[in-house]
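Chain by chain, the residues:
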Amino acid sequence: MHTAAVVGTGLIGTSIALALTGRGVTTHLIDRDPRSVRIAVARGAGTPEPPSAPVDIAVICVPPSDVARTIADHQKAELAKVYTDVASVKALPHAECLALGCDTTALVGGHPLAGRERSGPLSARADLFDDRHWVLTPTPETSETALNRALELVSLCGAVPVLLDPTDHDRAVALISHLPHLMASLTAARLLEGEDYAVRLAGRGMRDVTRIAAGDARLWTDILAANAAAVSVLLAELTADLQRTAEALDRLTDGGPGQQDAALADLTDILRRGSEGRARIATTLGGGGAGHPTSLSVSLGDQNRRLERLLDDVSEARVDLEDMLLPDVAASPFGSVELLVAPDAARPLTEALRDRGWAVR
């Protein structure tokens, strides 16, 4: 890959452009907002000049409802030889591309599973996709050339490719992304009705549960609308669990001893299922369950980056260390420290330390 175009210079688009430019790919930046392009250019993400010939790949980084029309317009203008997108919904945009007569042989749906609470080109990072899953959704009409080019894009961005059917992808992200965002938003909305003293008491638990609720409401409306069927099924199942929980709490308040025993059994079952479900994520992230911490290697660098500062930054990231392996000072006074953390804390701590300037592997 020698040339690329990124259409949409928000967080994801600019991060892709930074990664490609850093790997020597000439990257052209396109956005309806000239300010966004200007910031992305200032970040070193690419050039605002249009390409003189079709680029090797165009990455469409716009909301799901705009994907098909954007691809159709740029295919008509012969922007690129191959097209992919980053929308978090895949089936509906593909169907709309077919309806608009797009050349789907040159199209590979894509979805990098990475992001930050902050949006826009100022928050972009070249390493945003490092070791993250990047789903590609080729269809029967997708050419081998297009798929290989999309796989090269994923590799250049440091991500791990996963191939899925568009519908399977949409069911998966409804479960692991769209439903959690909706629940975080609903929980965070309760804070609007809370007393000031209650909100001031909010700690890490509430912050963790509601962290993703800070996303762009208009963008998430677009995402949920595009994947409404898959999310609706999960929401109906969750509603049944919430109703069961509410009824159990009612029986604990007003029921007799027999009813209270049954209610306690129901609550225990609900919480146990949650714990078992959570354990599946920890196993996936870390390659092991409880008792198998993930190791992060952090270079101490020079005298100005001593161990005390590293531990302060870990504390600021609100991550608990399982253990720490110190370097042999006699052998190497500026060696690396091994931080052992729970599998699900590895990525958040890595991001937090890199934000503070540490080299983490």
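In this report, we go over the structure that sits alongside the text. Note that the structure is predicted; figures quoted are calculated from it, not measured.

What follows covers the overall build of the protein chain. Helix and strand content of the protein chain: 13 helices and 10 strands. Seen through its principal axes, the protein chain has C-alpha atoms that stretch 75 × 65 × 40 Å. Burial statistics for the protein chain: of 361 residues in total, 38% are counted as buried. At a minimum sequence separation of 6, the contacts of the protein chain that also span at least 24 residues come to 71%. For the protein chain, the accessible surface area stands at approximately 19400 Å², while carbon and sulfur atoms represent 54% of it.

Here the structure, examined in full by the defined rule, presents one aromatic pair. Relative to Trp134, the ring of Phe129 lies with its centre 5.2 Å away and its plane at 50 degrees, an arrangement referred to as tilted. There is no split in this pair, since Phe129 and Trp134 are both buried.

Glancing now at the packing of helix 3 (residues 64–76) against helix 4 (residues 91–99). Packing of helix 3 against helix 4 leaves a shortest axis separation of 9 Å and a crossing angle of 30 degrees. The angle between helix 3 and helix 4 places the two elements in the roughly parallel class. In the crossing of helix 3 with helix 4, the sense of the turn from one axis to the other is right-handed. Contact residues: helix 3 offers Pro64, Val67, Ala68 and Ile71, while helix 4 offers Pro93, Glu96 and Cys97. Considering only residue class, the contact of helix 3 with helix 4 consists of six nonpolar, no polar and one charged.

Here the focus is the nonpolar core. Membership of the largest hydrophobic core comes to 35 residues, with the highest contact counts inside it found for Ile16, Leu20, Phe129, Trp134, Leu153 and Cys157. For this core, the elements supplying multiple residues, two or more each, are strand 1 (3–7), helix 1 (11–22), helix 2 (34–42), strand 3 (57–60), strand 6 (133–137) and helix 5 (144–156). With seven residues, helix 1 is the largest single contributor of residues to this core. Contacts of Ile16, omitting those with residues within four sequence positions, involve Val6, Val59, Cys61, Val86, Phe129, Trp134, Leu153 and Cys157.

For the rest of this paragraph, the subject is empty space enclosed by the protein. Counting across every chain of the model gives one cavity of 30 Å³ or more. Taken as a whole, the largest cavity encloses approximately 100 Å³ of empty space. Around the largest cavity sit 14 residues that line it, and Asp85, Lys90, His94, Leu107 and Gly109 are the ones nearest its centre. Counting only elements with at least two residues in the lining of the largest cavity, the list comes to helix 3, helix 4 and strand 5 (107–112). In terms of residues, the lining of the largest cavity owes the most to one element, helix 4, which gives three residues.

What follows covers helix 4. All of the buried residues in helix 4 are Pro93, His94 and Cys97. Taken down its axis, helix 4 places every buried residue within 100 degrees of arc, on the same side. Buried residues in helix 4 make contact with helix 3 and strand 5. After helix 4 finishes, the residue Gly101 shows a positive phi value of roughly 80 degrees.

To continue, consider the pattern of salt bridges. Enumeration over the complete set of coordinates arrives at 18 salt bridges. Across the salt bridge formed by Asp269 and Arg272, the nearest N and O atoms sit 2.3 Å from each other. You can see Asp269 and its partner Arg272 sitting in helix 11 (residues 257–286), three residues apart, about one turn around the helix. Classification of Arg272 by relative accessible area gives partly exposed; the value is 39%. Among the salt bridges present, the one from Asp313 reaches Arg356, with a minimum N-O distance of 3.8 Å. With a gap of 43 residues between them, Asp313 in helix 12 (residues 307–316) and Arg356 in the segment after helix 13 (346–355) connect regions that are remote in the sequence.

Before going further, it helps to spend a moment on helix 9 (residues 217–226). Of all the positions in helix 9, only Trp220, Asp222, Ile223 and Ala226 are classed as buried. All buried residues of helix 9 lie within an arc of 155 degrees about the axis, which places them on one face of the element. When the buried face of helix 9 is taken as reference, the exposed residues oriented beyond 90 degrees from it are Ala217, Arg218, Thr221 and Ala225. Against helix 3, helix 4, helix 6 (166–189) and helix 10 (228–254) lie the buried residues of helix 9. The backbone nitrogen of Arg218 lies 2.9 Å from a side-chain oxygen of the residue at the head of helix 9, namely Asp216.

Cut-off values and rules
- Residues numbered from 1 in each chain as written.
- Predicted model: local features only at pLDDT ≥ 70, side-chain atom pairs only at ≥ 80, totals over all residues.
- Heavy atoms only, no water.
- Helix = DSSP H or I, 4+ residues; strand = E, 2+ residues; numbered from the N terminus.
- Buried < 20%, exposed > 50% of the residue type's maximum accessible area, 1.4 Å probe, protein only.
- Contact = heavy atoms within 4.5 Å.
- Areas by Shrake-Rupley, 256 points an atom, 1.4 Å probe, with all protein chains shown as cover.
- Phe/Tyr/Trp six-rings, centres within 6.5 Å; stacked < 30°, edge-to-face > 60°.
- Axes fitted to C-alpha atoms, helices over the stretch in contact; angles between N-to-C directions.
- Parallel < 35°, antiparallel > 145°, perpendicular 65-115°, else oblique.
- Left-handed = near helix turned anticlockwise from the far one by under 90°.
- Nonpolar A, V, L, I, M, F, W, Y, C, P; charged D, E, K, R; others polar.
- Core = buried A, V, L, I, M, F, W, Y, C linked by side-chain atoms within 4.5 Å.
- 1 Å grid on protein atoms, 1.4 Å probe; cavity = no way out; pocket = protein on both sides within 12 Å on 5 of 7 lines; lining within 4 Å.
- Points joined across faces, edges and corners; volume = space filled by probe spheres on them.
- Arc of directions from axis to C-beta.
- Salt bridge = Lys/Arg side-chain N within 4 Å of Asp/Glu carboxyl O.
- Polar contact = N/O pair within 3.5 Å; in protein donor to acceptor, adjacent residues only side chain to side chain.

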